[in-house]
Amino acid sequence: MRWQGLIQQYREYLPVTNETPRLSLNEGNTPLLPLHTLSEQLGIEMYVKIEGANPTGSFKDRGMVMAVAKAVEEGSKTVICASTGNTSAAAAAYAARAGIRCIIVIPEGKIAMGKLAQAVMYGAEIISIEGNFDQALKIVRALSESSPITLVNSVNPYRIEGQKTAAFEICVQLGGTAPDVLAIPVGNAGNITAYWKGFKEYNERHKTGLPEMHGFEAEGSAAIVRNQIIENPETVATAIRIGNPASWISAVKAAEESNGKIDEVSDSEILEAYKLLARNEGVFAEPGSCASIAGIIKQVKSGEIKKGSKVVAVLTGNGLKDPNIAIEASSIKPVLLPCDEKVIYEHIRGAVLH
Ligand code: F0G
């Protein structure tokens, strides 16, 4: 049957009523791709869940379709969120689709160009603050409590409900079993919370088993790993530049209950993984997403992920979201030549075909 988006597809698993609008941009049903080269290099069976294939290019669409549909069901006319970029792109798109207003609050200069382009195009009201994500979230939480505006950050439980569906898909795509290890980037910690809920619920109904949950923060923003709020979080992976994750406690619980771990990876490990994934596998995911790949490489080396394990890494966002980092991080630069067949041929013969 034709895929009709998450609300329709998973309505028995979601808080969907007859009054819930069947909102959709055809989100979900994303590929689970085996990584042949990396699997062989690391001695594991490795897959990536390509969430960048969602309509706005990130996993946020899964949560946002639910959050916006429920906002509409409850009579709301406006949604608001703080964001490092992807949440705001998804909120703006689903609000546009539903015909309601969207206000986004973002940290000035710290959101990737593709994400900003999306918010502009979808017609959101954009407020850029001289502050970070944590400060923006505090402000929008307060605003939503004292006004009829609906908060659609992942503290909204409908976000978690929508996002848990990715865990269902992984179990189905692996032929009816959960992986041994689920590796996932951690920012505000909503997604690791959602996946763990999803794996548990699916296991209850279909006996698919449970993975170890391995979450990865960026070193300069690793509040959970350090067990302290980071006032000025920093990382090249702006998507997860968060120093006081809202779902901190449930992320720790997911790691503990599943016998997993919240760990950290450095910016250079993230960028290495980012380039490796694109060059060796043909998969282009944004830097924040590649914290999961960097984390797997780190933990295979340390022995925390055992050889032979079946490991799924969640690639949370599309590489095209952040073109500036790609150009900066790559050593490949276009060669400028005159528009002359002979010159171009000589260059190719000399530089490429030797
Ligand atoms: N990966 C990407 C690409 C993200 O955009 C985010 C979060 C995460 C991972 C982390 O997920 O917050 O549930 O732990 N982005 C949010 C945003 C904060 O505003 O777009 P998390």
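Residues numbered from 1 in each chain as written. Predicted model: local features only at pLDDT ≥ 70, side-chain atom pairs only at ≥ 80, totals over all residues. Heavy atoms only, no water.

Identification of the protein as Threonine synthase from Fredinandcohnia quinoae is taken from an unreviewed UniProt entry. Here the protein is described in UniProt, under the heading Cofactor (unreviewed entry), as follows: "pyridoxal 5'-phosphate". Check the Sequence similarities (unreviewed entry) section of the UniProt entry for the protein; it says "Belongs to the threonine synthase family." (UniProt positions renumbered as here; feature names shortened; annotations may be inferred.)

Chemist: Would you mind going over the site of the ligand in detail, with residue names and values included?
Modeler: Lining the immediate environment of the ligand, one finds 19 residues, of which S83, T84, N188, A189 and T316 sit closest. One of the backbone nitrogen or oxygen atoms of T87 is found 2.8 Å away from an oxygen atom of the ligand. One of the backbone nitrogen or oxygen atoms of N191 is found 2.8 Å away from an oxygen atom of the ligand. For the ligand, whose accessible area on its own is 470 Å², the fraction buried by protein is 99%. Where the shell around the ligand is concerned, the elements lending two or more residues are α4 (86-98) and α9 (190-206). When grouped by side-chain class, the residues that make up the shell around the ligand number seven nonpolar, 10 polar and two charged. (Near = heavy atom within 4 Å. Polar contact = N/O pair within 3.5 Å; in protein donor to acceptor, adjacent residues only side chain to side chain. Areas by Shrake-Rupley, 256 points an atom, 1.4 Å probe, with all protein chains shown as cover. Helix = DSSP H or I, 4+ residues; strand = E, 2+ residues; numbered from the N terminus. Nonpolar A, V, L, I, M, F, W, Y, C, P; charged D, E, K, R; others polar.)

Chemist: I'd like a rundown of the sheet that holds strand β1 (residues 32-34), residues and numbers included.
Modeler: Here six strands make up an open sheet; going across it, the order is β1-β2-β10-β7-β8-β9 and the pairing mixed. Strands with a single pairing partner mark the edges of an open sheet, and in this sheet they are β1 and β9 (261-265). Between one strand and the next, the sheet's axes are offset by a mean angle of 25°, whatever the strand orientation. Looking at chain direction, strand β8 (residues 212-218) and β9 are connected through five bridges and run parallel. Bridging across to β9, H214 finds its partner in K261. In the packing of helix α12 (residues 267-281) onto the sheet, contacts are made with β8, β9 and β10 (310-315), and the angle to β9 comes to roughly 90°. (Pairing = 2+ DSSP bridges. Axes fitted to C-alpha atoms, helices over the stretch in contact; angles between N-to-C directions. Contact = heavy atoms within 4.5 Å.)

Chemist: If you had to explain the UniProt feature "binding site: pyridoxal 5'-phosphate" (unreviewed entry) in the protein to someone new, which residues and values would you point to?
Modeler: Per the UniProt record, "binding site: pyridoxal 5'-phosphate" (unreviewed entry) is found at N86, G187, N188, A189, G190, N191 and T316. What stands out for the annotated residues spanning 231 residues is how close their C-alpha atoms remain, the widest pair being 14.2 Å apart. Relative to the helices and strands, A189 resides in the loop between β7 (181-185) and α9. A relative accessible area of 4% places A189 in the buried class. Sequence-distant contacts of A189, defined by excluding residues within four places in its chain, comprise I224, P245, S247, W248 and A251. By secondary structure assignment, the location of G190 is in helix α9. Filtering out sequence-adjacent residues up to four positions away, G190 remains in contact with S154, I160, Q163 and S247. (Buried < 20%, exposed > 50% of the residue type's maximum accessible area, 1.4 Å probe, protein only.)

Chemist: I'd like a description of the sheet that holds strand β5 (residues 125-129), backed by residues and values.
Modeler: Read across the sheet, four strands follow the order β5-β4-β3-β6 without closing on themselves; strand pairing throughout is parallel. Edge positions in the sheet fall to β5 and β6 (150-151), since each has one partner strand and no second. In this structure, strand β4 (residues 101-107) lies alongside β5, joined through five bridges in parallel fashion. Paired with I106 across the bridge in β5 is S128. Against the sheet, helix α6 (residues 133-145) contacts β3 (78-82), β4, β5 and β6, and its axis sits at roughly 155° relative to β3.

Chemist: Mind laying out the environment of D61, listing which residues take part and the relevant values?
Modeler: For D61, the location among the structural elements is in helix α3 (residues 60-73). Along the chain, D61 and A223 lie 162 residues apart, while their C-alpha atoms are 26 Å from each other. Excluding residues within four positions of it along the chain, D61 makes contact with E27, N54, P55, T56, A90 and Y94.

Chemist: So what's going on with the confidence of the model for the protein? Which residues, and what values?
Modeler: The pLDDT averaged across the protein works out to 97; a share of 99% of its residues lies at or above 70. At the level of individual helices and strands, the protein shows its lowest average pLDDT in helix α15 (residues 341-351), which scores 93, and its highest in β7, which scores 99. In the predicted assembly, ipTM is 0.99 and pTM is 0.97. (pLDDT = per-residue confidence, 0-100.)

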